[in-house]
Amino acid sequence: AAEIQKENLKTELSFLRSQISPHFLFNVLNNIVALVRLKSEELEPTIIKLSSLLQYMLYETDEEKVLLRNEEESLRNYIDLQKIRFSSDLILNTSFDVKEEWHTIEPMLLIPFVENAFKHGTGLLQNPEIDIQLYSANNQLDFFVKNKYLNSDTAKDKTSGIGLANVKRRLQLLYPERHTLSIEHNR
């Protein structure tokens, strides 16, 4: 029974981890098409970042844990790809200070928060702004994401709420009584 429960837990975690939005990939590919048309110098670095992120998502995330530095690098690649998409329309503030990068973390645990910020913190908003901070010291990881958002049903689609619900469940399963998650909706 314990073995079956363990296998069910692994299956649930794998499913929850795989719920990253495919819209991100479509948007990046469309941006690459635009860069090709413009004969932009950003084309090659963009493809390299996308390739690195996809490699991480496809091959490294099968492990139960990954090095924090690998998760940070994938997060940076994701943010850089989103910066290309939103260019000058977005104020983006990032701060990374990972002193203990040898620690391990459940893969793809942080990206849903950032993905959510870009999904709901851009678009129809005036002066969109996203702040992302990642710190690691004294055996503690602090991650902070802040974005403006529209408080209306027009900003929602059929996938709204899935990413945060999945990451909440993953945190409960993986780090019971060893994490704090605070989500605030302020105007």
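Details of the structure are given in the entry above.
As a starting point, this report considers the structure included with it. (Residues numbered from 1 in each chain as written. Predicted model: local features only at pLDDT ≥ 70, side-chain atom pairs only at ≥ 80, totals over all residues. Heavy atoms only, no water.)

Applying the stated criterion across every chain, the model contains 2 aromatic pairs. Centre to centre, the rings of Tyr78 and Phe118 are 6.4 Å apart; their planes meet at 70 degrees, and the pair counts as edge-to-face. Taken together, the residues span a long stretch of sequence, with Tyr78 in helix H4 (residues 68-86) and Phe118 in helix H5 (residues 111-120) at a distance of 40 residues. The burial state of Tyr78 is the same as that of Phe118; both residues are buried. Aromatic pair Phe113 and Phe143: ring centres 6.2 Å apart, planes at 65 degrees, arrangement edge-to-face. On the criterion of sequence distance, the pair formed by Phe113 in helix H5 and Phe143 in strand S5 (residues 140-147) is long-range, its members being 30 residues apart. (Phe/Tyr/Trp six-rings, centres within 6.5 Å; stacked < 30°, edge-to-face > 60°. Helix = DSSP H or I, 4+ residues; strand = E, 2+ residues; numbered from the N terminus. Buried < 20%, exposed > 50% of the residue type's maximum accessible area, 1.4 Å probe, protein only.)

A few words on unusual backbone geometry. One non-glycine residue with positive phi stands out, namely Met108, at about 60 degrees. Following the sequence through the fold, Met108 ends up in the loop between strand S3 (104-105) and H5. For Asn138, which is not glycine, the phi dihedral falls at a positive 55 degrees. In this structure, Asn138 sits in the loop between strand S4 (129-137) and S5. The class for Asn138 is exposed, based on a relative accessible area of 70%.

This part takes up the sheet that holds S5. Pairing is mixed across the open sheet formed by 3 strands, whose spatial order is S2-S4-S5. For this open sheet the edge positions go to strand S2 (91-98) and S5, each flanked by a neighbour on one side alone. The average angle at which neighbouring strand axes cross in this sheet is 5 degrees, direction not considered. Both S2 and S4 contribute to a ladder of 8 bridges, which runs parallel. Paired with Leu92 across the bridge in S4 is Ile130. Here H4 sits on the sheet in contact with S2, S4 and S5, set at roughly 170 degrees to S2. Contacts between H5 and the sheet are confined to S2, S4 and S5, with S5 contributing the most and set at about 10 degrees to the helix. (Pairing = 2+ DSSP bridges. Axes fitted to C-alpha atoms, helices over the stretch in contact; angles between N-to-C directions. Contact = heavy atoms within 4.5 Å.)

Further remarks concern the pattern of salt bridges. Summed over the entire model, instances satisfying the criterion amount to 5 salt bridges. When the shortest N-O distance is used, the salt bridge between Glu72 and Arg76 registers 3.0 Å. Of this pair, Glu72 and Arg76 both sit in helix H4, 4 residues apart, which is roughly one turn of the helix. Note that Arg170 and Glu106 form a salt bridge whose closest N and O atoms lie 3.2 Å from each other. Note that Arg170 is positioned in helix H6 (residues 162-174) and Glu106 in the loop between S3 and H5, a separation of 64 residues in sequence. Among the residues examined, Arg170 registers a relative accessible area of 1% and is labelled buried. Since its relative accessible area comes to 1%, Glu106 is described here as buried. By sharing partners, the salt bridges in this structure join Lys49, Asp80 and Lys83 into a single network. (Salt bridge = Lys/Arg side-chain N within 4 Å of Asp/Glu carboxyl O.)

Scope: geometric values only; no functional claims are made or implied.
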